[in-house]
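Listed below are the residues making up each chain.
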Amino acid sequence: MKIFYADTHRLHAAPFEIGEGGSQEKMLECPDRLDRILNALDHVAWAEIIAPTDFGLDPIRAVHSDDYLEFLRTAFVSWKQQGGQLGVEKAGPVLMPATFPPRRSQHNSQVVAGQAGYYIFDLSTPILENTYTAILGSTNCALAAAQSLLNGERATLALCRPPGHHAGRDYAGGYCYLNNAAIAAQYLVNGSGQRPVALESRNKVAILDIDYHGGNGTQDIFYDSAEVFTISIHADPARQYPYFSGYADETGAGRGCGFHRNFPLPKGVTDSDYEQVVAEAITLIENFNATHLIVSAGMDIYAGDPLGDFNITTAGIHRLGQQIAALQLPTAIIMEGGYNNEALGNNLVAFLRAFI
Ligand code: SP5
Ligand code: ZN
């Protein structure tokens, strides 16, 4: 299996996030996650680790807005120049907002402290000196995985870090900046990136998001689209992050009506509960007649995950892989969350084995 990995992920290592109690907490989304995965992949015969090529900004601009991309590119330097309310000397090693627009104001701010609140929706997604380089590397992994499907591969893996599924067209959150899965999906729809193709020869892509958290960014990006069928299976947002998106009654809008589905689940779901829900999602993908499949693969569904409350075992994760692999679609597996670093490599390998 071709596995795309960019070492630049190391450049993004946030020192902390702010928890709901207001305290600085250890950042769970850290470089060690990919080290653990690489280590596990070292012990299997079928893993071919490849550095992605640079796909440039065009396929990213097909999903994200220009003003948001410009913010991501320049925010840290602006932060160092402008600092916060109290002056430049107050600018710390991370840019993290403290003021958010109520229900998304029409107006952005002239200063980067305000812009950060405009574009970043939580206190888990800071911008560091080299965050921009790391997120481009992460997205290049996803694009390389998509490209290799167009070249005839059956299943590929993008070891994306930072993850992507909470990022929308013009916002970051939940450790996510660029929506790697959405960018890969749009690339597949177009057939080969930017070349405009006749409508009837465009691909039909399904995104199955199995991360423990609802894929709010992916949901938003394709909410109006009938070309990308998005499905997310996750913890009920009524009790869990991202709180405001991922409800069962959100099923798409306009031309995209019926082309989004959410499966919010209770605490403690078991392997067999989960298997039944996945079977339903698989039927939806079959009926859509997808040409390609993207899996937003979060391993935080695992029973031992510090952010999760599902009861899914490593064997259950392997079974999940088997169910998805049985679709027999060209499949790009895009890494999202998963924070039990001890078990992360094993769990991902258990999932991937189903595609070998
Ligand atoms: C990609 C992904 O899985 N993003 C998840 C974002 C979850 N954000 C909520 C973070 C809550 C932080 N407090 C938990 C502290 C545990 N010690
Ligand atoms: Zn997650």
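Residues numbered from 1 in each chain as written. Chains lettered and ligands numbered in written order. Predicted model: local features only at pLDDT ≥ 70, side-chain atom pairs only at ≥ 80, totals over all residues. Heavy atoms only, no water.

Focus: the side chain of Glu 29
- Topologically, Glu 29 is positioned in the loop between β3 (24-25) and α1 (32-41).
- Given the relative accessible area of 2%, Glu 29 is considered buried.
- A polar side-chain atom of Glu 29 sits 2.7 Å from a polar atom in the side chain of Arg 33.
- When residues no more than four places from it in sequence are discounted, the contact partners of Glu 29 are His 12, Arg 161, Pro 162, Pro 163, Tyr 175 and Tyr 339. (Helix = DSSP H or I, 4+ residues; strand = E, 2+ residues; numbered from the N terminus. Buried < 20%, exposed > 50% of the residue type's maximum accessible area, 1.4 Å probe, protein only. Polar contact = N/O pair within 3.5 Å; in protein donor to acceptor, adjacent residues only side chain to side chain. Contact = heavy atoms within 4.5 Å.)

Considerations on the site of ligand 1
- Inspection of the region around ligand 1 gives 14 residues, with Glu 25, Gly 174, His 213, Asp 300 and Tyr 339 positioned closest.
- Interatomic distance of 2.9 Å between a side-chain N/O atom of Glu 25 and a nitrogen atom of ligand 1.
- One of the backbone nitrogen or oxygen atoms of Gly 174 is found 3.1 Å away from a nitrogen atom of ligand 1.
- A total of 510 Å² of accessible area belongs to ligand 1 in isolation, and the protein chains cover 80% of it.
- Each residue belonging to the shell around ligand 1 can be placed in one class, and the counts come to five nonpolar, five polar and four charged. (Near = heavy atom within 4 Å. Areas by Shrake-Rupley, 256 points an atom, 1.4 Å probe, with all protein chains shown as cover. Nonpolar A, V, L, I, M, F, W, Y, C, P; charged D, E, K, R; others polar.)

Things to note about the coordination of the zinc ion (ligand 2)
- Ligation of the zinc ion (ligand 2) by protein atoms is provided by Asp 211 (OD), Asp 211 (OD), His 213 (ND1) and Asp 300 (OD), these donors lying 2.0 to 2.8 Å from the ion.
- Look at where the donors of the zinc ion (ligand 2) fall in the sequence and you get D-x1-H-x86-D. Taken together, the residues span a long stretch of sequence, with His 213 in the loop between β6 (205-209) and α7 (216-221) and Asp 300 in the loop between β9 (292-297) and α9 (314-325) at a distance of 87 residues.
- Judged by its relative accessible area of 6%, His 213 falls in the buried class. (Donors = N, O, S within 2.8 Å, 3.2 Å for Na, K, Ca; no water.)

Brief notes about the packing of aromatic side chains
- With the rule as written, the count across this model stands at 15 aromatic pairs.
- Judged by centre distance (5.0 Å) and plane angle (85°), the ring pair of Tyr 118 and Tyr 119 falls under edge-to-face.
- Judged by relative accessible area, Tyr 119 falls into the buried class, the value being 4%.
- Ring centres 6.0 Å apart and planes at 75° place the aromatic pair Phe 229 and Phe 259 in the edge-to-face group. Taken as a pair, Phe 229 in strand β7 (residues 228-235) and Phe 259 in the loop between β7 and β8 (260-265) lie far apart in primary sequence, 30 residues in all.
- For Phe 229, a relative accessible area of 5% gives the class buried.
- With a relative accessible area of 24%, Phe 259 lands in the partly exposed category.
- Put simply, the rings of Phe 121, Tyr 171, Tyr 241, Tyr 243 and Phe 244 pair up and form one aromatic cluster.
- The ring of Phe 288 is capped by Lys 204, whose NZ or CZ atom sits 4.4 Å from the centre of that ring. (Phe/Tyr/Trp six-rings, centres within 6.5 Å; stacked < 30°, edge-to-face > 60°. Lys NZ or Arg CZ within 6 Å of the ring centre and 35° of its normal.)

Here we look at the packing of helix α8 (residues 271-288) against α9
- Between α8 and α9, the least distance of the axes is 10 Å, while the angle of their chain directions is 15°. By the angle between their directions, the pair α8 and α9 is classed as roughly parallel. Here the hand of the crossing between α8 and α9 comes out right-handed. Contacts between α8 and α9 involve Asp 271, Tyr 274, Glu 275, Val 278, Ala 279 and Ile 282 on the former and, on the latter, Gly 316, Arg 319, Leu 320, Gln 323 and Ile 324.
- In terms of residue class, the contact of α8 with α9 is built from six nonpolar, two polar and three charged. (Axes fitted to C-alpha atoms, helices over the stretch in contact; angles between N-to-C directions. Parallel < 35°, antiparallel > 145°, perpendicular 65-115°, else oblique. Left-handed = near helix turned anticlockwise from the far one by under 90°.)

A few points about the nonpolar core
- In this structure, Phe 71, Leu 72, Tyr 274, Ile 294 and Phe 351 are the most contacted members of the largest nonpolar core, which totals 105 residues.
- The greatest single-element share of this core, amounting to nine residues, is contributed by helix α5 (residues 131-150).
- In contact with Tyr 274, not counting residues within four places along its chain, are Ile 210, Ile 233, Leu 265, Val 269, Ile 301, Phe 310, Ile 312 and Leu 320.
- Counting 10 residues, the second-largest nonpolar core is a separate cluster that includes Ala 14, Ile 18, Leu 28 and Met 96. (Core = buried A, V, L, I, M, F, W, Y, C linked by side-chain atoms within 4.5 Å.)

Quick notes on the pairing of strand β10 (residues 331-335)
- Within β10, five of the five residues are buried, which leaves it mostly tucked inside the rest of the structure.
- Burial of β10 is two-sided: the residues Thr 331, Ile 333 and Met 335 facing one way and the residues Ala 332 and Ile 334 facing the other way are all buried.
- Bridge count between strand β5 (residues 155-158) and β10: four bridges; the pairing is parallel. Looking at the pairing, Ala 158 lines up with Ile 334 of β10.
- When β9 meets β10, the two strands line up parallel, connected through five bridges. The partner of Leu 293 across the bridge, within β10, is Thr 331.
- Remark: the β9/α9/β10 crossover connection has right-handed handedness. (Pairing = 2+ DSSP bridges. Right-handed = clockwise from strand over helix to strand, strands pointing away.)

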